[in-house]
Amino acid sequence: MNSESRRDLLFNVLMNGVAPLVAILIAFAIGGIVITSLGTNPFAFFSRMLSLNFGSMRGISQMIYRATPYFFTAMALSFAFKAGLFNIGAEGQMFVGGLALAWVGFTFTWLPFPILFILCLVAGFLGGALWGAIPGYLKVKRGAHEVITTIMMNFIAIALVQYIVQNHFMNPDWGIPHTPTVAEGAYAPSLGKIIPWFPAGTRANIMFLVAIILAGLTLVLLQRTKLGYEIRATGLNPNSAEYAGINISSRTVMTMAISGGFAGMATANFILGPGSHYFLKSEYGGIGFSGIAVGLLGRNNPLGIILAAILFGFLENGALGVQLYFPNVPRQIVEIMQAIILIVLVIVLEIARKFLKRLQKRG
Amino acid sequence: MARDNQIDTDPLIRMEGINKRFPGVLANDSVDFSVQEGEIHALVGENGAGKTTLMKVLYGIYSKDEGQIYFDDKPLEIKDPKAANELGIGMVHQHFMLVPPLSVADNITLGREIAKYGVLDREEAKERILELSSDIGFEIDPEARVEDLSVGVRQRIEILKVLFREAEVLILDEPTAVLTPQEVESLYEILNNLQEQGKTIIFITHKLNEVMDLADRVTVMREGKDVGTKEVQETSKNELANMMVGREVLLRVEKEEAEKGEELIRAENLTLKNDEGANIVDDISFSIREGEVFGIAGVQGNGQTELIEALTGINEFSSGTVEVQNSDLTNADGQVIREEGIGHIPEDRLDRGMITDFTVTENFVLGYHTFERYSSRIFMKLRDMDEHAKKAVEEFDIKTPSTKTLAESLSGGNQQKLIVARELSQQPKLLIAAQPTRGIDVGAIEFVHERLMKERARGKGLLLVSSELDEIISLSDRIAVIYEGEFIGMFDANETSKEELGVYMTGSERQDKEEVRRKALDKVSPRE
Amino acid sequence: MDIFTISTLLATIRMAVPISLAALGGLFSESTGVINIALEGIILMGAFAGTIITNATGSPLLGILMAVVAGIGMALIHAIASVTFKANHIISGVALNLFATGVTFFLALVLTGGSQISVESTLPKFLGISPVIYVTVAIFFLSGFFLYRTRLGLRLRATGEHMAAVDSVGISVTKMRYLGVLISGALAGLGGGFLAIEQANFFTKGMSAGRGYIGLASMIFGKWTPWGAAGAASLFGFSQALQFRISIPFVPDEFLQMLPYLITIAVLVGAVGRATPPAEDGNHFIKEG
């Protein structure tokens, strides 16, 4: 092996393997310290979490159910990253897409499965895509930085969605504002129905498979298609992309749209999957922002993101279950750990980068 | 003038055996350099020779890897610019270190503010600055905002900033690179004034005229090493030029008599305006035939980049026409232009010509990625791409571990070869090459020159833009000199010299406009 | 319907205090080129710390002080991550916001068993107005003076515009950035303390409710000047005050909620005058050599 490919390997191992692991370990260590300070044995706590998640197929399904939406909001961040764009707007794109897909689901009720189900996903994608494309367009046409505009669009989306649900779809008898329920044709089948070893009636549903398929398709799109080549070129060096005759503006808007589209499908897991079957805004808050952590932890790679999403699903599902056993440890402990993972990760990545640079300088 | 009797005294600053490494480059290779008190000392060399690095070591911006600096014969470490300032060393950077939205006074005093209990005394600062500027003979408004001022004035602010810190030694990095001729004149005056006040001045340049006009002594650097220090009165431009390039400057490429064929491209009345409405490219016309090299000589920043980028679809002309073998390509899309058989080697290798985080193969198709041989409607033909790239790597002798290696790990010369390989592999009828050999080693230069001449012999046309006059003269058939966006002289490469072109490049002479246009369009006589 | 009453005015001022302090905090941070979207989490932390300490000591003054300290603590993490370790400023901010949401909720449950903690302010009011409001006004005057008339202010602003220039005259970019970020934490923390102790008289999970982002919006709408930010924060405070007081026919509350964000986008696209952020916003200082 020559020195360059050895360096590439080292780079990959450090940045994509060691750094995320160190971040996760530190988060668990800090979490453990906090748990200890509450008088609970952290090993008992975490091993209970482990068995709750991995001890049974039901646990695994629950974990997958919690993990699925994170994949979509994380992909929103990471796909935009490939084109050098920073989409902080997954939260808003998720709400707009979610409302769109619910609307299709309870409006075109006569359509059968899987037509309505697919139409719902398309609507979710388009809703999110629209909300993502707007900041893209504003950046291209008016130079408005997408970080700020996507943040602002989040809050606009939250207010807008609330307004629409409350004033147009809500039945005053329901108490909490939500949309009507989607028709059966839109239901996302439980994994128990498709894969024999999953328990019947589990809430983990086909959206997880959709996520895996989308991860694969995204890899193909980026690595093997002309559009992917142009998106990556634009992200890596817009000046060179311009030289190569690539229409940077259109690629920017398109990337933001696809990115938003991913986020737009995030709530399908909840709305179309087994459960209430309606759009309930308060249930989804924060998944867009946490997606940022998941995307970075997955190192912006679709396969890595699946793993990172599962970790977040693990923490969340574990936290819900473990409360029965350790009621003195509030489940928000995992939110703290998720935040710590993110902040430690960015620091560790920088340390790794510095280390590699010094190595390169020496040899 | 203090010129004659200072050489034997001990130098004020002495740098010995300075080594400075960057990843993959030895930027300073045991360099010795010394400066006498009160002299104007020029530091010359080609781009990348290590002049700026050496001065940044002296000014404490870079830490040296090896070597010793003596100031007044005392060995010392200069660990940061602050330490340099305390020794009385100041530096005027090539990229100005000014904060645009702040006032002139705030910029000059920044870091040494005049303040009472932390509250700025702007009146006092204003007075001090007015005093200082009148001392060296110019006027300045301390309350003006820097962003509203011209480049020339900003440079004066930089000089004032250094003087305000009571610097006795001023380092100026390519001070004239950004100035108009008038501004250069007044800079000369300022520097001479400063010398009369006893200041020591080191200036970095690659323009030999400036050395002859201004300096007492000159040190030449080449490829990271110092190749000698001369008294300006005892040397000549030719000698210095030879020292700079390390080989006979009149290196001529073997060039057969060209078999001129059909007209390939005809460009007429090309004009390009910037946002302010000024003509960056000003009414340029030319034509190039098969088997012909049309050279454009000029000082950087006279509209060459804009001309080429508009010809290749990156930018747009405001008016004028471009015809390539009777099809109108004025402001055509970059892809269309490539399909018409026009290749482009851009002047900025890293920020136009390639994507360093792409693999060799991916870079090899950059710009041609939509061509049928590399992609279908949706998918890239990865295997075909790689095969073509492998062939080119072999043919053009590009040193790379594999075609899957990222371009960033290639050396500059091999990166440039990759770009040349890409453009020539598409068999263009016309190749537009800007600074095709900038910043690459001699071996790679020769290789690129040979390949370009081979294309000419095959009947391809070449539009060559270069600021290296040797390159222009030895490769071109006809040469246009561009100055402030205009062609102001047309020459036959066999009948001109560097000296002649040099005079035109500075705009000090110009030919008749109609005559230039006629020659550039290759019309033998006005009546044809 | 009369919306311009004294009580609306007072409500506007109360609403505007946390927003304007966040805006000023954002301004201090960005004047050194560090984007601080952690303002949201800092407000939350300030609110929580202020509540807990007020209840523990019985002194709202100590509570407010603790809110400031908590804000500085959060800001310190932001500075370590984004200045020392050159993390992306936005990511660091997002992480801190997630952290604050989790940790305040967590601690509220651990310490009190519930997610809402009431707190009583015993600070004397002057003319019926909380002293913190007077302090806020004073802070704005001082900040204007500090940023534009003092040596340190000049250095802070220069850092946000051209780090290399600042470094080249021997000023530590890192120190300036830490200073800017820490001041921003202190201010937003104060805003949070006011919000819980003086305004709401309780702490509840997620009570910052976008105020940090509205502060950011105010800073942008105010074109990165203290008085602009104060003006914008007052406008947004007014629109918040309206939401809680009356319903205006044909204008749903949600549209008033959107207002700050819509205006910010309008400013960013140049529809309401152009605003230029500090040139070094979001950049990292990488020393040569």
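Remember, predicted model here, so these are calculated numbers, not experimental data.

## Examining the overall build of chain C
The secondary structure content of chain C amounts to 11 helices and 2 strands. Going from N to C terminus, chain C has its helices and strands arranged as α-α-α-α-β-α-α-α-α-β-α-α-α. Here the C-alpha radius of gyration of chain C, 19 Å, is about what a compact globule of 289 residues would show, namely 19 Å. Based on the C-alpha atoms only, the size of chain C along its principal axes is roughly 60 × 45 × 30 Å. For chain C, the proportion of contacts with a sequence separation of at least 24, taken over those separated by at least 6, is 78%.

## Section: the overall build of chain A
When helices and strands are tallied, chain A shows 15 helices and 0 strands. Compactness check: chain A gives a C-alpha radius of gyration of 21 Å against a globular reference of 21 Å for 363 residues, within 12% of the reference. In terms of overall dimensions, chain A has C-alpha extents of about 70 × 60 × 40 Å along its principal axes. For chain A, the residues scored as buried account for 57% of the 363 residues in total. Taking the intrachain contacts of chain A between residues at least 6 apart in sequence as the baseline, contacts between residues at least 24 apart amount to 75%.

## Describing the domain arrangement of chain A
All names here are of chain A. Taken domain by domain, chain A comprises domain 1 (1-40 + 329-363) and domain 2 (57-327). Of note, the centres of domain 1 and domain 2, computed from C-alpha atoms alone, are 26 Å apart. Taken together, the 14 residues of domain 1 in the interface contact 14 residues of domain 2. Tallying contributions element by element places helix H15 (residues 333-362) first for the side of domain 1 that touches domain 2, with 7 residues. Counted by class, the side of domain 1 that touches domain 2 contains 10 nonpolar, 3 polar and 1 charged residues.

## What about the packing of helix H2 (residues 39-57) of chain C against helix H4 (residues 89-112) of chain C?
Residue and element names in this part refer to chain C. Put simply, H2 and H4 touch, their axes get as near as 8 Å, and they point 20° apart. It follows from the interaxial angle that H2 and H4 lie roughly parallel. Where H2 crosses over H4, the two elements pack in a sense that is left-handed. Where H2 approaches H4, its residues Glu40, Gly41, Leu44, Met45, Phe48 and Ile52 are matched on the opposing element by Leu96, Asn97, Phe99, Ala100, Thr101, Thr104, Leu107, Ala108 and Leu111.

## What to know about the interface of chain C and chain A
Listed by partner, the interface residues are 35 residues for chain C and 35 residues for chain A. A per-element tally of the side of chain C that touches chain A places H4 of chain C first, with 14 residues. Taken together, the residues that form the side of chain C that touches chain A break down as 25 nonpolar, 8 polar and 2 charged.

## Let's talk about the interface of chain C and chain B
If you look at the interface, chain C gives 16 residues, while chain B gives 22 residues. Residue assignment for the side of chain C that touches chain B shows that the elements contributing at least two residues are helix H6 (151-161) and helix H7 (163-168) of chain C. Sort the elements by how many residues they give to the side of chain C that touches chain B and H6 of chain C lands first, with 5 residues. Along the lines of polarity and charge, the residues of the side of chain C that touches chain B split into 7 nonpolar, 5 polar and 4 charged.

## What to know about the nonpolar core
Counting residues in each nonpolar core, the largest one holds 287 residues, and the members touching the most others are Cys120, Ala309, Leu342 and Leu345 of chain A together with Ile171 of chain B. Residue-level mapping places this core at the junction of two domains, with at least three residues from each of domain 1 (1-40 + 329-363) and domain 2 (57-327) of chain A. The next biggest cluster of nonpolar side chains, apart from the first, holds 86 residues, and it includes Ala244 of chain A together with Met385, Ile398 and Leu418 of chain B.

## A few points about the packing of H2 of chain C against helix H9 (residues 211-221) of chain C
All names here are of chain C. Look at H2 against H9: their axes get within 7 Å of each other, and the N-to-C directions meet at 130°. On the basis of the axis angle, H2 is oblique to H9. Crossing hand, H2 versus H9: right-handed. Across the interface between the two elements, Leu39, Glu40, Ile42 and Ile43 of H2 pack against Arg211, Gly212, Tyr213, Gly215 and Leu216 of H9. Along the lines of polarity and charge, the residues of the contact of H2 with H9 split into 5 nonpolar, 2 polar and 2 charged.

## Some words on the sheet that holds strand E18 (residues 342-345) of chain B
All names here are of chain B. The sheet built from 6 strands is open, its strands ordered E18-E19-E20-E15-E21-E22 with mixed pairing. In this open sheet, the two edge strands, each paired with only one partner strand, are E18 and strand E22 (486-492). Going across the sheet, the axis of each strand differs from the next one's by a mean of 15°, ignoring polarity. Of the strand pairs in this sheet, strand E21 (residues 478-483) and E22 are connected by 6 bridges, and their pairing is antiparallel. Along E22, the bridge assignment pairs isoleucine 482 with phenylalanine 487.

## Examining the confidence of the model for chain C
Mean pLDDT over chain C: 91, with 95% of residues reaching 70 or higher. Taken together, the chains of this predicted complex give a pTM of 0.88 and an interface ipTM of 0.90.

## A closer look at the environment of isoleucine 308 of chain B
Residue and element names in this part refer to chain B. Relative to the elements of secondary structure, isoleucine 308 occurs in helix H9 (residues 304-311). Using a count of 22 C-beta atoms within 10 Å as the deciding quantity, one classes isoleucine 308 as buried. Placed 289 residues apart in sequence, isoleucine 308 and asparagine 19 show a C-alpha to C-alpha distance of 39 Å. If we skip the residues at most four places from it in the chain, isoleucine 308 touches Ile432, Ala434 and Val465.

## Looking at the sheet that holds strand E5 (residues 74-76) of chain B
All names here are of chain B. Spatially, the 4 strands line up as an open sheet ordered E2-E1-E4-E5, and their pairing is antiparallel. Of all the strands in the sheet, just strand E2 (25-35) and E5 have a single pairing partner and so form its edges. Strand-to-strand twist in this sheet, taken as the mean axis angle between neighbours without regard to direction, amounts to 30°. Summarising the sheet, strand E4 (residues 66-71) and E5 pair through 3 bridges and their orientation is antiparallel. Looking across to E5, one finds that phenylalanine 71 is bridged to lysine 74.

## Describing the environment of tyrosine 59 of chain B
Residue and element names in this part refer to chain B. By the element assignment, tyrosine 59 lies in the loop between helix H1 (51-58) and E4. It is 8.5 Å that separates the C-alpha atoms of tyrosine 59 and isoleucine 171, two residues lying 112 residues apart in sequence. When sequence neighbours within four positions are dropped, the list of residues in contact with tyrosine 59 reads Pro81, Ala84, Ile89, Met91 and Ile171.

## Here's the deal with H4 of chain C
Residues and elements named next belong to chain C. Compared with the 34 Å implied by 1.5 Å per residue over 24 residues, the 34 Å span of H4 between its first and last C-alpha is a close match. Most of H4 sits out of view: 19 of its 24 residues are buried. Looking one or two residues beyond H4, the residue adopting positive phi is glycine 113, at roughly 80°.

## Brief notes about the pairing of strand E11 (residues 217-222) of chain B
Residues and elements named next belong to chain B. Of all 6 residues making up E11, 5 are buried, and the element is well covered by its neighbours. Of the strand pairs in this sheet, strand E3 (residues 40-45) and E11 are connected by 5 bridges, and their pairing is parallel. From the neighbouring strand, glycine 45 faces E11, where its bridge partner is methionine 221. Across 6 bridges, E11 lies against strand E12 (residues 225-231) in antiparallel orientation. Among the inter-strand pairings, arginine 217 is bridged to a residue of E12, identified as glutamate 231. Linkage of E11 to E12, two consecutive antiparallel strands, is achieved through a turn of 2 residues, within which glutamate 223 is found at a positive phi near 50°.

## Notes on unusual backbone geometry
Note the cis peptide between phenylalanine 113 of chain A and proline 114 of chain A, where omega equals 0°. Counting through the fold element by element, proline 114 of chain A comes out in the loop between helix H4 (90-107) and helix H5 (115-142). One non-glycine residue with positive phi stands out, namely asparagine 326 of chain B, at about 70°. Mapped onto the elements of the fold, asparagine 326 of chain B is located in the loop between strand E16 (319-324) and strand E17 (327-328). On the basis of neighbour count, asparagine 326 of chain B is assigned to the exposed category, with 7 C-beta atoms found within 10 Å. Of note in the backbone geometry, glutamine 427 of chain B takes a positive phi value of approximately 55° without being a glycine. Residue position: glutamine 427 of chain B is located in the loop between helix H14 (412-425) and strand E19 (430-434).

## So, the environment of phenylalanine 28 of chain A
All names here are of chain A. As for its placement among the helices and strands, phenylalanine 28 is situated in helix H1 (residues 3-37). Sequence spacing of phenylalanine 28 and glutamine 338 is 310 residues, and the spatial spacing of their C-alpha atoms is 9.5 Å. Those residues in contact with phenylalanine 28 that lie beyond four places of it in its chain are Phe46 and Met337.

## A closer look at helix H18 (residues 513-520) of chain B
Each turn of an α-helix holds 3.6 residues, which means side chains three or four residues apart point in the same direction. Residues and elements named next belong to chain B. For H18, the complete set of buried residues consists of Val516, Arg517 and Ala520. Along H18, the residues classed as buried sweep out an arc of 95° about the axis, all on the same side. Exposed and facing more than 90 degrees away from the buried side of H18 are Glu514 and Glu515. Taken together, the buried residues of H18 touch strand E14 (279-289), E21 and E22. Immediately downstream of H18, the backbone of aspartate 522 shows phi near 65°, a positive value.

So, how was this worked out
Positions within a chain are numbered from 1, following the residues in the order the chain's sequence is written. For this description, chains carry letters from A and ligands carry numbers from 1, given in the order in which they are written. Under the rules for a predicted model, residues below a pLDDT of 70 receive no local features and side-chain atom pairs below 80 are neither given nor counted, while totals for whole chains, interfaces and linings still include all residues. Helix and strand assignments follow DSSP, with helices taken as H or I runs no shorter than four residues and strands as E runs no shorter than two, numbered in order from the N terminus. Our radius of gyration looks at C-alpha atoms and nothing else; its globule reference is 2.2 Å times the residue count to the power 0.38. Contact between two residues is assigned when their C-beta atoms, built from the backbone, lie within 7 Å. Whether a residue is buried, exposed or partly exposed follows from its count of other C-beta atoms within 10 Å of its own C-beta, namely 20 or more, 12 or fewer, or something in between, respectively; the C-beta atoms are built from the backbone. How far each domain reaches was decided by an automatic or database domain assignment. Lys, Arg, Asp and Glu make up the charged group, whereas Ala, Val, Leu, Ile, Met, Phe, Trp, Tyr, Cys and Pro make up the nonpolar group; the residues left over, Gly among them, are polar. Axes here refer to lines fitted to C-alpha atoms; in helices the fit is confined to the stretch in contact. Angles between the N-to-C directions go from 0 to 180 degrees. Here the angle decides the label: under 35 degrees means roughly parallel, over 145 means roughly antiparallel, 65 to 115 means roughly perpendicular, and every other value means oblique. Each helix crossing is assigned a hand: it is left-handed if the near helix lies turned anticlockwise from the far helix by less than a right angle, otherwise right-handed if that turn is clockwise. Any nonpolar core is a set of buried residues, restricted to Ala, Val, Leu, Ile, Met, Phe, Trp, Tyr and Cys, that join up through C-beta atoms within 7 Å. The pairing criterion for strands is at least two bridges between them, as found by DSSP. As a per-residue measure, pLDDT reflects the predictor's confidence and takes values from 0 up to 100. By this rule, a helix spans an expected 1.5 Å times one less than how many residues it contains. In this description, the arc belongs to the directions extending from the helix axis to the C-beta atoms.

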